Amino acid sequence: MKTIIEPFRIKMIEPIKLTTREQREQMIRAAHYNPFRLRAEDVVIDLLTDSGTSAMSSEAWGAMMRGDESYAGARSWYRFRDTVKDIFGFKQVIPTHQGRAAEHILFGVMVKPDSIVPNNTHFDTTRGNIEFVGGTPVDLPCVEADDLDSDAPFKGNMNIEALEKLVAEHGPQRIPVIMVTITNNSGGGQPVSMANIREISRVARSAGIPFYIDACRFAENAHFIKHREKGFADSAPIDIAREMFSYADGCTMSAKKDSFGNIGGFLCTNDAELAHKERNILIMTEGFPTYGGLAGRDLEAIAVGLRETLDEHYLDYRLLSTRYVVERLRESGIPVMAPAGGHAVYLDARRFLPQIEPLQYPGQSLSVELYIEAGIRAVEIGTVMFGLDAHTGEESPARHDLLRLAIPRRVYTQSHMDYVLEAINLVWGRREQIRGMKIVKAPRFLRHFTAHFDYV
Ligand code: F0G
C-alpha cells in the first residue's frame, strides 16, 4: 500500500471548541497579541509546541497505574533508568522534571562566567541557562542552513570548520562543553548526520572537551539518518540512536518530546564525579536522585514512550505527516523552510511579509493573523525570540524570522492539517494588508513567553 495511515486508533477524544473570527480578534487583543497568553481552550488547532502535548498510548496509560511512588529506590525508577541506559548507553542517569532542569544543572556545574558553549543552534532554554550563569552561547550552524529553500539532507549539521576555529582560539579552558541539538529545533527541525556527530566528537575529544547531545528529538533524527544517510537504510532506529550517543560523553533530554511524556526529562553522563556534583544540586532543586521531580507514574510512562518512539511505523507516519504539509505549501508558492523537518513546519515570515522589517517582528504578525483567521496557535522563532542580547540589552534582527507550527505527536489527523493549510492559504491571499508589531513590555530573559505586543 502506498497510503501511509496514522498507525493507531483513537479511543478517547478531547472536544475542540470552535470560535468565530470576532471572538478571536477580541481574545488575541486581550492577550496583548502574544499567543502564549491565550487560554488553550480558545485555540482551535494548537501548534504552539510538540512538547508535553503528545497523546500517550494505552500501554503508557496502563503503565502509569503501576507507578511506584516510593520516595527512594522505587521500582519505576529502575524501569526508567534501565530503559534510558539501554537506548542512550550512558553510565549515569539523572532524572529531572523537564529538559531545562537538566540544562540548568549541567551548566551550573560546568559553565563559568567567561565560558563559551558552542552548539549547532541553541534552543532558547539552553541559551537562557548558559547566559544565566554568565556564559556565552555560540551558534555554529552549517552553511547549508542559511538557504531556506535548498533540499540539502542534513541542514541541522554543525559547521565543523567554525567549531575547529573556535576551539583553536579558546581551547578547553574557556569551552567547558560542546553541544549539538538533534534535531536542530531552532534551525528548522532539521536533522544532524551521523558523519557530523562523529566529526564533532573527534574535534571535542582531540581538544579534551566533553561532548553533549541535546537529545529531545533523537528518534526523529535517527529516522532521518536511516532514510537520508548512506549505510543506514537497513539499520533499526534504536541501533542508529545507540551509535549517535556512543560518540558523546553525555546528553540532556526533554522526555516531553520523543518519548510522549506530558512531563519529564533527564541528564546523562559517563563521568561519575560530575554526576555526584549534579546529584547534589538535583537533591536541592528537583528531588531525590531516584525520582528527580517526577512522580513514579511519569517515570513509567516515559519508559514506555522511549520504546514506542523508536517504532519504525510510527516514525514513518511522523516524518511523512510533516512532509505532507510542507509539500502542499511549496506547491502553493508559500515560503516555507525546506526540506520538511521532523516535528514542525517553519513558515519563512520574512519572505511571507516582506513589507515588515525584522525589528517589527514579521513572525509575530503572522502568528497573530493565523490565530485570527482560524484559531491556529504557532510560535515565532526569530527576532522576538533571539533578537535581544541579554548582556548588552541591544536588539538586532535574528538570523531568520520563522513561524513554527509544531505538530504534537499522534494528536491531530490529516483533516486537521488540511484545515491548517487552508488557513495559511487564506492569510497568504491577504498578506499585503498585514502590519508589523512592536513590543510594549518584556522581561530581559526569554522575553517571548510573556511580552506584550501591539501593532506599530
Ligand atoms: N532543547 C530543545 C532542543 C528543546 O526543543 C527544548 C524544548 C528544550 C531543550 C527544553 O526542554 O521544555 O522539557 O524544558 N522545547 C520546547 C519547544 C519547549 O516548544 O520547542 P523542556
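1. Focus: helix H9 (residues 237–246)
The α-helix advances 3.6 residues per turn, and as a result positions three or four apart in sequence lie on the same side.
Logical step 1: Among the residues making up H9, those that are buried are Pro 237, Ile 240, Ala 241, Met 244 and Phe 245. In a view along the axis of H9, the buried residues occupy a sector of 130°, so they form one face of it.
Logical step 2: Elements that come into contact with the buried residues of H9 comprise helix H3 (75–88), helix H7 (194–207), strand S6 (211–214), helix H8 (218–228), strand S7 (250–254) and helix H12 (312–331).

2. Observations regarding the site of the ligand
Logical step 1: Taken together, the neighbourhood of the ligand is formed by 17 residues, with Thr 49, Arg 100, Ser 254, Lys 257 and Arg 404 sitting nearest.
Logical step 2: Look at the ligand: alone it shows 470 Å² of surface, and the protein chains cover 94% of it.
Logical step 3: Here the shell around the ligand takes three residues from helix H4 (residues 99–110), the largest share from any one element.
Logical step 4: Classifying every residue of the shell around the ligand by side-chain character gives two nonpolar, eight polar and seven charged.

3. Comments concerning the packing of aromatic side chains
Logical step 1: The full count for this structure, using the stated rule, is 16 aromatic pairs.
Logical step 2: When the ring of Phe 88 is compared with that of Phe 218, the centres are 4.8 Å apart and the planes differ by 55°; the resulting orientation is tilted. Of this pair, Phe 88 sits in helix H3 while Phe 218 is found in helix H8, placing the two residues 130 residues apart along the sequence.
Logical step 3: The class for Phe 218 is buried, based on a relative accessible area of 0%.
Logical step 4: Pairwise contacts between aromatic rings join Trp 77, Phe 80, Phe 88, Phe 90, Phe 218, Phe 245 and Phe 266 into one cluster.
Logical step 5: Directly above the aromatic system of Trp 428 lies the positively charged group of Arg 431, at a separation of 3.6 Å from the ring centroid.
Logical step 6: Over the face of the ring belonging to Tyr 455 we find Arg 435, whose NZ or CZ atom lies 4.5 Å from the ring centre.

4. Considerations on the pairing of strand S12 (residues 402–406)
Logical step 1: Across the five residues that make up S12, a large majority, five, are buried.
Logical step 2: Of the two faces of S12, the one holding Leu 402, Arg 404 and Ala 406 and the one holding Leu 403 and Leu 405 are both buried throughout.
Logical step 3: In this sheet, S12 lies alongside strand S9 (residues 344–348) in antiparallel orientation, the contact comprising five bridges. Its bridge partner being in S12, Leu 347 is matched across the sheet by Leu 403.
Logical step 4: Across three bridges, strand S11 (residues 379–381) lies against S12 in antiparallel orientation. In the sheet register, Ile 381 faces S12, and the bridge partner there is Leu 402.

5. Quick look at the sheet that holds S12
Logical step 1: On the basis of which strands lie adjacent, the open sheet formed by three strands has the order S9-S12-S11 and antiparallel pairing. Pairing within the sheet leaves two strands with one partner each, and these edge strands are S9 and S11. Recorded for the sheet is a direction-independent mean angle of 35° between the axes of neighbouring strands.
Logical step 2: Contacts from helix H14 (residues 362–374) reach S9, S11 and S12 within the one sheet, and its direction differs from that of S12 by about 45°.

6. Describing the environment of Val 368
Logical step 1: With respect to the element layout, Val 368 can be found in helix H14.
Logical step 2: A residue is classified by how much of its surface remains accessible, and Val 368, at 1% relative accessible area, is buried.
Logical step 3: In the structure, Val 368 is positioned 22 residues away from Ala 390 in sequence and 25 Å away in space, judged by C-alpha atoms.
Logical step 4: What Val 368 contacts, discounting residues up to four positions off in sequence, is Ile 28, Tyr 33, Met 437 and Tyr 455.

7. Here we look at the pattern of salt bridges
Logical step 1: The tally for this structure, following the rule as stated, stands at 34 salt bridges.
Logical step 2: The salt bridge involving Arg 377 is made with Asp 46; its shortest N-O contact spans 2.8 Å. One end of the pair, Arg 377, is in strand S10 (residues 376–377); the other, Asp 46, is in strand S1 (residues 45–46), and 331 residues separate them in sequence.
Logical step 3: Residue Arg 409 is joined to Glu 220 by a salt bridge in which the shortest nitrogen-to-oxygen separation is 3.4 Å.

8. Here's the deal with the state of the cysteines
Each disulfide consists of a covalent bond between the sulfur atoms of two cysteine residues.
Logical step 1: Applying the stated criterion across every chain, the model contains zero disulfides.
Logical step 2: With no disulfide of its own, Cys 251 lies 4.0 Å from the sulfur of Cys 268, the closest cysteine sulfur.

9. Some points on the domain arrangement of the protein
Logical step 1: Domain boundaries in the protein define domain 1 (21–50 + 311–455) and domain 2 (58–308).
Logical step 2: Measuring from the centre of the C-alpha atoms in domain 1 to the corresponding centre in domain 2 gives 26 Å.
Logical step 3: Taken together, the contact between domain 1 and domain 2 spans 35 residues of the former and 42 residues of the latter.
Logical step 4: With both chains or domains summed, domain 1 and domain 2 bury close to 3,200 Å², and 54% of this area falls on carbon and sulfur atoms.
Logical step 5: The shortest N-O distance in the salt bridge between Asp 258 and Arg 409 comes to 3.0 Å.
Logical step 6: On inspection of domain 1 and its partner domain 2, the count reaches 21 residue pairs in polar contact (both at pLDDT 80 or more).
Logical step 7: Contributions of two or more residues to the side of domain 1 that touches domain 2 are made by H12, S9, helix H15 (383–386) and S12.

10. What to know about the nonpolar core
Logical step 1: Grouped together as the largest cluster of nonpolar side chains are 54 residues, with contacts concentrated most on Phe 88, Ile 213, Phe 218, Met 244 and Phe 245.
Logical step 2: Counting contributing residues per domain, this core is built from domain 1 (21–50 + 311–455) and domain 2 (58–308), each supplying no fewer than three.
Logical step 3: Ignoring sequence-local partners within four residues, the contact set of Phe 245 consists of Ile 87, Phe 88, Phe 90, Ile 182, Ile 213, Ala 215, Phe 218 and Cys 251.

11. Considerations on the environment of Leu 294
Logical step 1: Mapped onto the secondary structure, Leu 294 falls in the loop between helix H10 (272–285) and helix H11 (296–308).
Logical step 2: Residues Leu 294 and Glu 131, spaced 163 residues apart in sequence, show a C-alpha to C-alpha distance of 26 Å.

12. As for the pairing of strand S5 (residues 178–181)
Logical step 1: Neither face of S5 is open: one carries Ile 178 and Val 180, the other Met 179 and Thr 181, and all of them are buried.
Logical step 2: Here S5 runs beside S6; their pairing, made up of four bridges, is parallel. In the strand pairing of S6, Thr 181 is matched with Asp 214.
Logical step 3: After leaving S5, the chain enters H7 and then returns to the sheet as S6, a path that is right-handed.

Criteria and thresholds
- Residues numbered from 1 in each chain as written.
- Predicted model: local features only at pLDDT ≥ 70, side-chain atom pairs only at ≥ 80, totals over all residues.
- Heavy atoms only, no water.
- Buried < 20%, exposed > 50% of the residue type's maximum accessible area, 1.4 Å probe, protein only.
- Helix = DSSP H or I, 4+ residues; strand = E, 2+ residues; numbered from the N terminus.
- Arc of directions from axis to C-beta.
- Contact = heavy atoms within 4.5 Å.
- Near = heavy atom within 4 Å.
- Areas by Shrake-Rupley, 256 points an atom, 1.4 Å probe, with all protein chains shown as cover.
- Nonpolar A, V, L, I, M, F, W, Y, C, P; charged D, E, K, R; others polar.
- Phe/Tyr/Trp six-rings, centres within 6.5 Å; stacked < 30°, edge-to-face > 60°.
- Lys NZ or Arg CZ within 6 Å of the ring centre and 35° of its normal.
- Pairing = 2+ DSSP bridges.
- Axes fitted to C-alpha atoms, helices over the stretch in contact; angles between N-to-C directions.
- Salt bridge = Lys/Arg side-chain N within 4 Å of Asp/Glu carboxyl O.
- Disulfide = S-S within 2.5 Å.
- Domains from an automatic or database assignment.
- Buried area = accessible area lost by both parts, 1.4 Å probe.
- Polar contact = N/O pair within 3.5 Å; in protein donor to acceptor, adjacent residues only side chain to side chain.
- Core = buried A, V, L, I, M, F, W, Y, C linked by side-chain atoms within 4.5 Å.
- Right-handed = clockwise from strand over helix to strand, strands pointing away.

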